[in-house]
Amino acid sequence: MASLDLAWYHYLAVFVAVYFARWFFDPLRAIPTVGGPSLPLFSYLAAARWIRHGKYMLQEGYDRYHGSVFKVAMLDQWLVVISGPKLVADVGKRPDTELSFHQAAGEFVQTRYTVGHEAHRDPYHVNIVREKLTRNLPAILPDIMDELTVAVHEHIPMNDDEWLGVNVMRAALEIVARASNRVFVGLPACRDRKYLDLAIGFTLDVNRDRATISMFPSFMKPFIGRIVGSSAKNVRRAIPILKPIMDERRRMLEKFGKDWPDKPVRSLCAACTQHGVGQTHARSLMMSPKNDMIQWIMDEGLSRNNTDQEMVQRVLLVNFAAIHTSSNSVTHAIYHLAERPECLIPLREEIEPIVQEEGWTKNAISRMWKVDSFIRESQRMNGINTVSLMRKAQKDVVLSDGTFIPRGTLMVAAATPLHHDEHVYTDADAFDPWRFSRQREREGEAMKHQYVNTSVDYISFGHGKHACPGRFFAANELKAMLAYIVLNFDIKLEGDGKRPENIHWGPAVIPDLNARVLFRKRKASA
C-alpha cells in the first residue's frame, strides 16, 4: 500500500512539474498580464474577475499598454488584446492563413457545439450575407418596412393619448425577429408564433450555451456541448416548420428549373417602380425567383448535399447574428432617445420631408444622416461587446510592434477603451447624437463617418476584410425601425429619467433587460 501511495505522489509531482514547465516556457508569458497573476492556477482568479469586471480590466490594460498588447485570463484560455490604431490596421489586413476571423468566431460562439460542426466547417452562409443579402437590399427593404409597420404597432400598441410602459428589450427582440425573418423565410412563417419563439429562443440559447461551454477546457467541451445543447433542440423543433417551405421550393425547382415562376414583379417598369432601382438592377431582381435567405441557403446547401437539418441550422444561425446584435443595438439607441426626448424634433425634421419625397426606400434611409449619426454614436458609447476584431493565430505571427503571437492564440482589439479615448473623440464619455452627422458635413467626409463605415478608430463592426458582413442589412433595418418609431411615438423614461445602466458579462455589453420606456401616440405639437 505504501508503495502505491508513493507512486501516486510520484505521478502528481511529474504532473505539477510538467504543468509549471509548460507555463514557464509558454511564449505568451512574455506578454504582460492584466487583472491578476499569470501563475498556474492563480490565473483562474483573474479569469473569474474577467467575467464580472472585464470592462475595467480592458481599460486598465489599454491605459498601461496603449499601442501594444496585453493579455487577460479566461476560464479556458488566454486572450491577447491589442490596442492602438497601428495594431488595429496591422491585424485587420492580415490574411486568414495567419490570423483567422472564422476560427476566432468559432471559439467565441462555440459554433461546433452550439450550432453544429458542418456550419463551422463550411460557413457559406457568411458569403450569402455579404453578397446576396447586401446586393438585394433595395428589393427587400419594402418587405422589411411592411413587417416593421405591423410588428411595431403590435408590440408598442397605441392607446390614445395615454403613456404606455414597454419592456424595450423584449419588444426589440420580437420586432427585429419579425422584420428579419420577413427576409429570411418570408410570409407567413415570419409571423408564425412557434417559429418566432424558436428563432428568438435559439438566439438566447446560443448565448447561454456558449457562456457555459467556455467555462470548460477544450477536451471537455464536446461532452458539455451535448449536455447543455438547448440550441440544438431548437434546430430539431424548427425543421417541421421550415421543411414544408423547403419542400415546396424543391418542387418548384424540379418542375420549372432555376427560373421558376411566382415572381412578385411582372414587368421591368414595375420592378423599377417597386424597388426604386435602375433597369439593370431591376432585370437581375426579376431573374431571381425568391429573394429570401432560405432560398439562397437552399441554392448553396443542395449543391453541397446538405441535409434539411444542416440548412435549417444555417437559417437559425443567421437569425442568431441578426436578432442578437440588432435587438441590443436598437434597445441601446431607444434608451438614449428616451433619456433625450428633445432629439425627437430634429430627427423628425429630417425624416418627414425625406419620406414624403421618396417613401421608405434604401436611398431615402441613406439620406437620414441624423438617424445614422444617432445610432452610430449609440454604438460607440455601448457596443455589442467591449472587444472587437477577433482573430485566432493559424501560425506563429510577429505583429508590427514586434510582439510574438504563437499559433493557436486567440486575439481581440480593445473596442470600448478605444471608443472612449479622449485623444480620439472629443468629450468621449458624453453622448453626442449629432457627432458624426456634423463630421459628415465636412468636405470629402460624407462617407467616412456613416454608420456602416469602419476605421482604426471605430471598430464596432470590426475592421478590414472581415468587418461584419451583415452590417449593411442591420444598418438599414435599425435606421428604418428607429425612424418609424420617431415619426409615430413620443418617448420618455420612467422615474428619474436616467438612462438604464448596461450589464457587463465577460466581453458582452447587454442593455438593461427589464427597463421600461414610456411610449404614447405622437402629438402634433411634439
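Here the structure is a predicted model, which means the values were calculated and not measured. For every chain, the first residue of its written sequence is number 1, and the numbers climb from 1 along that sequence. With pLDDT at 70 or above as the cut-off, local features in this predicted model cover only qualifying residues; side-chain atom pairs require 80 or more to be listed or tallied, and sums for whole chains, interfaces and linings still use all residues. Water and hydrogen atoms play no part in the side-chain values, which are based on all heavy atoms of the structure.

**Some points on the packing of aromatic side chains**
Then, number 1: Under the pairing criterion, centres of Phe, Tyr and Trp rings, with the six-membered ring standing for Trp, must be within 6.5 Å; the plane angle then separates stacked pairs below 30 degrees from edge-to-face pairs above 60, leaving the rest tilted. Inspection of every chain in the model, using the stated rule, returns nine aromatic pairs.
Then, number 2: Taking the centre distance of 6.3 Å and the plane angle of 50 degrees together, the rings of Phe 374 and Trp 434 count as tilted. In this pair, Phe 374 is assigned in helix α19 (residues 369–381) and Trp 434 in the loop between α20 (415–419) and α21 (435–440), connecting sequence segments 60 residues apart. Across the pair, Trp 434 and Phe 374 agree in class, each one buried.
Then, number 3: Ring plane angle 80 degrees and centroid distance 6.3 Å describe the contact between Tyr 425 and Phe 436, whose orientation is recorded as edge-to-face. Here Phe 436 lies in helix α21 and Tyr 425 lies in the loop between α20 and α21, a separation of eleven residues in the sequence.
Then, number 4: For the exposure calls, accessible area comes from a 1.4 Å probe over protein chains only, and a residue counts as buried if that area is under 20% of its type's maximum, exposed if over 50%, partly exposed in between. For Tyr 425, a relative accessible area of 6% corresponds to the buried category.
Then, number 5: The class for Phe 436 is buried, based on a relative accessible area of 1%.
Then, number 6: Through a chain of ring-to-ring contacts, the aromatic side chains of Phe 374, Phe 431 and Trp 434 assemble into a single cluster. Starting at the N terminus, helices and strands are each numbered in turn, a helix being any DSSP run of H or I of at least four residues and a strand any DSSP run of E of at least two.

**A word on the side chain of Lys 479**
Then, number 1: Here Lys 479 shows up in helix α22 (residues 471–488).
Then, number 2: Assessed through its relative accessible area of 7%, Lys 479 is described here as buried.

**Let's talk about the sheet that holds strand β9 (residues 489–493)**
Then, number 1: DSSP bridges decide pairing: two strands pair if at least two such bridges lie between them. Pairing is antiparallel in the open sheet, where three strands are placed in the order β4-β12-β9. Lying at the two open borders of the sheet, with one neighbouring strand each, are β4 (164–167) and β9. Direction aside, neighbouring strands of the sheet carry axes that sit 35 degrees apart on average.
Then, number 2: Bridging between β4 and strand β12 (residues 516–521) involves four bridges; their strand directions are antiparallel. Opposite Val 166, over in β12, you have Val 517 as the bridge partner.
Then, number 3: Of the strands in this sheet, β9 and β12 touch helix α16 (residues 308–339), which is tilted by about 85 degrees from β9. Note on method: axes are straight lines fitted to C-alpha atoms, helices fitted across the in-contact stretch only, with angles between N-to-C directions ranging 0 to 180 degrees. For this analysis, residues touch if any pair of their heavy atoms sits within 4.5 Å.

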